[in-house]
Amino acid sequence: MDNLANSIFSGMELHRAIFDGFDVSGADFTKSNLRNASFNYSILSGAVLHGAALMNATLVGAQMKKVDLSGVVAIGADFTEADLSLSDLRNADVCGAIFIRANLCGVNFEVKRIEGAFFSGAIYNEFTVWPKGFDPVMFGASEV
C-alpha cells in the first residue's frame with residue numbers, strides 16, 4: 001500500500017486524482033478540489049477534508065474513521081461500504097451521495113439535502129446525529 005499519511009494537500013487542485021489503495025490517514029485536504037477523485041479502498045482515518053469539493057468522488061470501501069468532512073460538497077459522491085464511523089459531516093451537501101452499506105456509527109450527519117442521498121443497507125447507532133425530522137430507517141438504514 002502506498003503511504004502518503006499525514007501529507008499536506010490543503011487547497012490543492014486534485015481533480016480526477018487517483019488515490020486508490022493509498023494510506024492517506026491524517027492527511028490534510030482542507031478546501032482541496034477533489035472532484036471526480038478516486039479513493040477506493042484507501043485509508044483516510046483521521047484525515048481533514050473540511051470544505052473540500054468531493055463532487056462525484058468515489059470512496060468505495062474506504063476506511064474513514066474520525067474524518068473531518070465538515071462543509072464538504074459531496075454531491076454524487078460514492079461512499080459505498082465506507083467506514084465513516086465517528087466522522088463529522090456537519091454542513092456537508094450530500095445530495096445524490098451514496099452511503100449504501102456504509103458504517104455511519106457515531107457520525108455527525110447534520111447535513112444539507114439529506115433527502116437526496118442513498119442509505120440502503122447503511123448502519124448507524126445511538127450516537128449517530130441526524131438532522132431534525134429525518135428518519136434514516138425510511139431511507140434504508142438500520143440501527144445496530
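Residues numbered from 1 in each chain as written. Predicted model: local features only at pLDDT ≥ 70, side-chain atom pairs only at ≥ 80, totals over all residues. Heavy atoms only, no water.

Trainee: Can you lay out the overall build of the protein for me, pointing to particular residues and giving the numbers?
Mentor: Looking only at helices and strands, the protein has zero helices and two strands in total. Taken against the 2.2 N^0.38 rule, which gives 15 Å for 144 residues, the C-alpha radius of gyration of the protein at 14 Å falls within 12% of a compact globule. C-alpha extents for the protein along the principal axes are approximately 40 × 25 × 20 Å. Counting all 144 residues of the protein, 51% fall into the buried class. Intrachain contacts of the protein at a sequence separation of at least 6 include 2% that bridge at least 24 residues. Counting every atom, the protein has about 6,500 Å² of accessible surface; 52% of that belongs to carbon and sulfur. In the protein, which carries 10 positive and 16 negative side-chain charges, the distance between the mean positions of the two groups comes to 6 Å. (Helix = DSSP H or I, 4+ residues; strand = E, 2+ residues; numbered from the N terminus. Rg over C-alpha atoms; globule rule 2.2 N^0.38 Å. Buried < 20%, exposed > 50% of the residue type's maximum accessible area, 1.4 Å probe, protein only. Contact = heavy atoms within 4.5 Å. Areas by Shrake-Rupley, 256 points an atom, 1.4 Å probe, with all protein chains shown as cover. Lys, Arg positive; Asp, Glu negative; His and termini not counted. Charge placed at Lys NZ, Arg CZ, Asp CG, Glu CD.)

Trainee: Got a sec to walk through the pattern of salt bridges? Specific residues and values, please.
Mentor: In total, this model carries four salt bridges according to the counting rule given. Across the pair Glu81 and Arg101 runs a salt bridge, and its minimum N-O distance is 2.8 Å. Residue Glu81 is found in the segment before strand S1 (123-124), and its partner Arg101 is found in the segment before S1; the two are separated by 20 residues along the sequence. Of the residues examined, Glu81 reaches a relative accessible area of 39% and is grouped as partly exposed. Its relative accessible area of 48% is what places Arg101 among the partly exposed residues. Among the salt bridges present, the one from Arg113 reaches Asp93, with a minimum N-O distance of 3.0 Å. Taken together, the residues span a long stretch of sequence, with Arg113 in the segment before S1 and Asp93 in the segment before S1 at a distance of 20 residues. Classification of Arg113 as partly exposed rests on a relative accessible area of 44%. Take Asp93: its relative accessible area is 14%, and that puts it in the buried class. (Salt bridge = Lys/Arg side-chain N within 4 Å of Asp/Glu carboxyl O.)

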